[in-house]
Amino acid sequence: MKILVFGAGPLGSLKAARLHEAGHDVSLLARGQRLADLKEHGIVIQQEGADEEEVAHVDVVDSLEPDDDYDLVLVVMGEHQAVQILDTLAENEHVPTFCFMGNAVNGPDEVVRVLGKERVMLGFPYPGGKRDGHVMRVLPINEDSEYTVPIGEVDGTIRPRTRAVAAVLSDMRGYDVEIRTDMDEWLKYHVALLMSGLVPALYAADTRMKQLGETRDLLVLSVRATKEALRGLRKAGYSPSPPVVRSLEYVPEPICVWAIGWLMRNEYAKVSVEGHARDGRDEMAYLFEELRAIVDQSTGDTNAIDQLAPYYDPDTPLYPEGKRELSMNWGGLVAPVIGTGALALALRRLRSKARAAPAAERESDGIYYEVSGPEEATAVVFTHGFALDRETWREQTATLSESYRVLSWDVPGCGDSAESSEPVRFDVSARKLLDVLDNEGIDQAVLVGQSMGSLLNQYLASHHPDRVRALVHVGGFPLHDGFSERAIKLMGMHVKVLQLLPEKLIYDTFGRLVAHTPDAQEYAKQASARTGKENMVSLEREFLKDLEEGIPELTEHPQVIVVGEHEYATLRKKSKEWNEKLPDSVYTTVPDAGHIANHDNPTAFTELLSSFLERRTKR
């Protein structure tokens, strides 16, 4: 692929070098002294802690001309710089995709207005670094210390273009790629986590990590400012991304102060934290002010933010070193032990290091699926609900793949399988899933299913009990004696209604009916649109046949029945009755969640799923 990297700082240079190494036709755009350095020395990369430098010689250009022809342009720079080059980018009508990779808080509206939605993608480059003359100093990034780059479309859809760009970026040594449907929120929360508290506190400590780590009151203000920003974004209507970020609001203050202080005193990622803060003060200040404008409109709770704001001005006197006068607040909605675990999970995710093997996307007989995690570990298989796809399990698969062999798939007629397969009865779907498991060498698995996925798993467990280790049901109900004949006939009327309704109304209504949070509702709307009206009608028609036929008896495997706090009353009642009949089961509720509880509140669901797997697989 022919690629232009627009932005020759540490991260743009690193991307250009690694893409060139992977065999792509890469050009790097630079000007002034940086252009002269590249022509003389090439791209020189120094990883923190490494003795040797990496040198790459790529084509260097000083402009993007209107008639230049590239397959992909990576704009690796912050929002305050990127908006200044939009007119230059717009003059070129040949480039199909501009992927903007850098800190941003204002959303993609201006970029889309100038370039058009079909030409714009968002992402974040990772890892941090700084410029030292002609040498670009970066955090370690190699096969043993990979980073996960998030990318996504501005409208949250996943298209062939999305996967093609992800595949190109995955070619870079030391990188994995995560396709997200919420990149705007992800970028906003990334700015909030850094610019609201940590960065101004670092400036208040003379941009020295150790000094910040040894000044407890600055750490307290940093934590409080960060929580104010997170609450402000949430109140402004932006869903936390990744969802685990929400947990930081409830972690007791002393635990956050201790954890961040420890990182500062040990100078974790110093080359990035101190280097980028020193070199990018204008960018940091710009992002802070834009973030502050959003938070100010949504909440009046900005006391700590207001106290730290002056330190973006280099003329502000430094904060007294070592000061310890503020009283810390132990209040919170979780116990300290739970808070520590949540904080550790959040920090691990925010570092974005892919400790587990990246998910492999595969296809078998028209069925698309992903598999990751240690091959010898206990297998956990995720099956989505009606008209959804495997993306609904993204948070669970990312977390569990560190310890388990994780497989998620698109049921026939849904997601990526929508164009290559038609909706079928449970017996065919179960056989296709077993074929996938056979291909992957998985003899037995814990089956996790949401709604229709729960019913399909029950069918498989009833007819192939030796292949199932345990079952986890999310928004499910018993396939054995689930609904009366009259109720099933009434459901059959719904198929006819679906055929009459316009597509957009179907997708919008479906999202509101099955999900509780705005983020999950938007996901359900987009996923059902990918499945399509025709497949939804066929899928429900086949589904009702299976529901009417049922299974001869209840499955006796160990089971967990998970119900969202805001699940429909009828399903809550059926779930409780079902739990009472099962010989080895647990009934549990996920707060702030509806029918797709795993997507409405992924953090809470992942914690309870992890707990169940730990108990059942470590015996």
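Everything below is about the structure shown above.
Conventions adopted
Residues numbered from 1 in each chain as written. Predicted model: local features only at pLDDT ≥ 70, side-chain atom pairs only at ≥ 80, totals over all residues. Heavy atoms only, no water. Salt bridge = Lys/Arg side-chain N within 4 Å of Asp/Glu carboxyl O. Helix = DSSP H or I, 4+ residues; strand = E, 2+ residues; numbered from the N terminus. Buried < 20%, exposed > 50% of the residue type's maximum accessible area, 1.4 Å probe, protein only. Pairing = 2+ DSSP bridges. Axes fitted to C-alpha atoms, helices over the stretch in contact; angles between N-to-C directions. Contact = heavy atoms within 4.5 Å. Right-handed = clockwise from strand over helix to strand, strands pointing away. Parallel < 35°, antiparallel > 145°, perpendicular 65-115°, else oblique. Nonpolar A, V, L, I, M, F, W, Y, C, P; charged D, E, K, R; others polar. Expected span 1.5 Å × (residues − 1). Core = buried A, V, L, I, M, F, W, Y, C linked by side-chain atoms within 4.5 Å. Polar contact = N/O pair within 3.5 Å; in protein donor to acceptor, adjacent residues only side chain to side chain.

1. Let's talk about the pattern of salt bridges
Next up, step 1: This structure, assessed with the given rule, holds 45 salt bridges.
Next up, step 2: We note a salt bridge from Arg278 to Glu274, for which the minimum N-O separation is 3.5 Å. With Arg278 and Glu274 both in helix α12 (residues 270-279) and four residues apart, this pair spans about one turn of that helix.
Next up, step 3: Here Glu274 falls in the buried class, since its relative accessible area comes to 7%.
Next up, step 4: What emerges from the salt-bridge pattern is a single network uniting Arg163, Glu361, Glu370, Asp389, Arg390, Glu391, Arg394, Asp410, Asp416 and Arg530.

2. Points about the sheet that holds strand β6 (residues 72-75)
Next up, step 1: Spatially, the eight strands line up as an open sheet ordered β5-β2-β1-β6-β7-β8-β11-β12, and their pairing is mixed. In the strand order of this sheet, the two ends are held by β5 (59-61) and β12 (175-179), each with one partner. When strand polarity is set aside, the average angle formed by the axes of neighbouring strands in this sheet is 25°.
Next up, step 2: Relative to strand β11 (residues 147-153), strand β8 (residues 120-123) is paired through three bridges, and the arrangement is antiparallel. Among the inter-strand pairings, Gly123 is bridged to a residue of β11, identified as Ile151.
Next up, step 3: Against the sheet, helix α1 (residues 10-21) contacts β1 (2-6), β2 (25-29), β6 and β12, and its axis sits at roughly 165° relative to β2.

3. As for the pairing of β12
Next up, step 1: Of all five residues that make up β12, five are buried, and the element is covered over most of its length.
Next up, step 2: Sheet topology places β11 next to β12; five bridges connect them, and they run parallel. The residue of β12 that forms the bridge with Pro150 is Glu178.
Next up, step 3: In this region the chain leaves β11, passes through helix α6 (residues 160-170) and returns to the parallel neighbour β12; the handedness of that crossover is right-handed.

4. Quick word on the packing of helix α17 (residues 426-439) against helix α18 (residues 452-463)
Next up, step 1: Running from N to C, α17 and α18 cross one another at 80°; their axes reach a closest spacing of 10 Å. Our classification of the angle between α17 and α18 gives roughly perpendicular. Every residue of α18 that contacts α17 at Phe426, Asp427, Ser429, Ala430, Leu433 and Leu434 is listed here: Met452, Leu455, Leu456, Tyr459 and Leu460.
Next up, step 2: Per-class residue counts for the contact of α17 with α18 are nine nonpolar, one polar and one charged.

5. Description of the environment of Trp258
Next up, step 1: Within the fold, Trp258 resides in helix α11 (residues 253-265).
Next up, step 2: Among the residues examined, Trp258 registers a relative accessible area of 54% and is labelled exposed.
Next up, step 3: When the C-alpha atoms of Trp258 and Arg216 are compared, they prove to be 8.9 Å apart, with 42 residues separating the residues in sequence.

6. Observations concerning α1
Next up, step 1: Here α1 spans 16 Å end to end across 12 residues, near enough to the 16 Å set by a 1.5 Å rise per residue.
Next up, step 2: Of all the 12 residues making up α1, 10 are buried; the element is thus mostly covered by neighbouring parts of the structure.
Next up, step 3: Every buried residue of α1 is listed here: Pro10, Leu11, Gly12, Ser13, Leu14, Lys15, Ala16, Ala17, Arg18 and Leu19.
Next up, step 4: Positive backbone phi, approximately 100°, marks Gly23, located one or two places after α1.

7. A look at the nonpolar core
Next up, step 1: Of all hydrophobic cores here, the largest spans 68 residues; its most connected members are Phe6, Ile43, Leu74, Leu89, Phe100 and Ile151.
Next up, step 2: No other element matches α1, which puts five residues into this core.
Next up, step 3: Each residue touching Leu89, except ones within four places of it in the same chain, is listed here: Phe6, Leu64, Val75, Phe98, Phe100 and Leu115.
Next up, step 4: Listed in part, the 52 residues of the second largest apolar core include Val371, Leu479, Leu498 and Tyr507.

8. Points about the environment of Arg292
Next up, step 1: Note on placement: Arg292 falls in helix α13 (residues 281-298).
Next up, step 2: As for Arg292 and Gln46, which are separated by 246 residues in sequence, their C-alpha atoms are 35 Å apart.
Next up, step 3: Every residue in contact with Arg292, bar those within four places of it in the chain, is listed here: Ile305, Asp306 and Ala309.
Next up, step 4: At 2.8 Å, the side chain of Arg292 and the side chain of Asp306 are in polar contact.

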